Structure formats: structure tokens, C-alpha cells
Amino acid sequence: MRLSARVDYALRATAELAAVADPDNLGRSRPLTAEQIARAQAIPPKFLESILLQLRRGGIVHAQRGPEGGYWLARPAGEISLAEVIRVIDGPLAHVRGQRPEDLGYAGAARALQEVWIALRASERQILELVTVADVAAGQLPEQVRELVADPRAWT
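This structure is a prediction, so every number in the text was calculated from the model and none was measured. (Residues numbered from 1 in each chain as written. Predicted model: local features only at pLDDT ≥ 70, side-chain atom pairs only at ≥ 80, totals over all residues. Heavy atoms only, no water.)

Trainee: Hey, could you go over the side chain of Thr132 for me, with residue numbers and the actual values?
Mentor: Among the secondary structure elements, Thr132 is positioned in the loop between α5 (113-130) and α6 (133-138). Overall, Thr132 belongs to the buried group, its relative accessible area being 10%. Residues contacting Thr132, with those up to four places away along its chain left out, are Ala77, Gly78, Ile80, Ser81 and Leu82. (Helix = DSSP H or I, 4+ residues; strand = E, 2+ residues; numbered from the N terminus. Buried < 20%, exposed > 50% of the residue type's maximum accessible area, 1.4 Å probe, protein only. Contact = heavy atoms within 4.5 Å.)

Printed below as a string of C-alpha cells:
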């Protein structure tokens, strides 16, 4: 799996917002400015601004201008999966040569590759939809993820 810098930064920014979110007020407790998020996560500020705009358009964050302004999560962090953030930034989870796996046509001995790509996407989706921004911000990943990470082969 290859994630773009945009996705990496978007996930880190949403984790920062989740860390200060009030779970009883739809994620809004204290707006963070783009500068605060950029500084906390060592993200280039101008790059982060365009990512936050995408996240706002995608319904992940809300924004307010002015001295009391900033960004906050549009929903509770526990309702925002990593998969949703990735889709907002980069589109569908798995592509082969820019196409969805179900749209590929393999023939002969390579025919089974299509099923491999679909299974790979399903596996990615299972983990990325299971883990929420709240899980990341709290550093408490679901048991299924912790089990996968505990396998030394996962690290190579």
C-alpha cells in the first residue's frame, strides 16, 4: 500500500483535531488554526491549508475565520474512519494502473490477479474502516490491529 504525503498529512491533522475535540459537542471544543496543526505535526503550512480545504469540502472538518477561528472535526472522532479521510483526499482505496480492480480484464494464466486485487482492497478496507481518528489520537488501536502489528513479519 502506498499513501501519498497528502493522505499522511490529512490523517495527522485529523488526529490533532481529535486530540482536542469535545466528544459531547460533535467534536468541537477548541478550534485549532492551521498554523497550530502544522507546527504540532511538522507539516508545511501552505500544503496543510489545501489539505484542510479538501477535508472541509469532504465533510470531515468545519472551519471558521477570524480571531476565534480555526478548524474542528465535523463529527465525533469515533465516527470518522481512516478510510473516509483517505477517500476524501485520494479517492478510492485500491487502484491498479488507475482503474478499479473490478474493471480490469485479465486473461489466461493471469485471470486470478483480479481476485487478488479485490481481496487486497477488501483487506485494506477492513482495517482502515475499523480504525477511527479517535483511536489514533488516543493511541488505542482496535485489538485486531494490535494483533497484526504484534507479528514481527508485519514490520518487514
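After that view, the rundown keeps rolling.
Trainee: Give a detailed account of the packing of helix α1 (residues 5-19) against helix α4 (residues 82-90), specifying residues and quantitative values.
Mentor: Look at α1 against α4: their axes get within 9 Å of each other, and the N-to-C directions meet at 135°. When the axis of α1 is compared with that of α4, the two are oblique. In terms of crossing hand, the pair formed by α1 and α4 is right-handed. On α4, the residues that touch Arg6, Val7, Ala10, Leu11 and Thr14 of α1 are Leu82, Val85, Ile86, Ile89 and Asp90. Tallied by class, the residues present in the contact of α1 with α4 amount to 7 nonpolar, 1 polar and 2 charged. (Axes fitted to C-alpha atoms, helices over the stretch in contact; angles between N-to-C directions. Parallel < 35°, antiparallel > 145°, perpendicular 65-115°, else oblique. Left-handed = near helix turned anticlockwise from the far one by under 90°. Nonpolar A, V, L, I, M, F, W, Y, C, P; charged D, E, K, R; others polar.)

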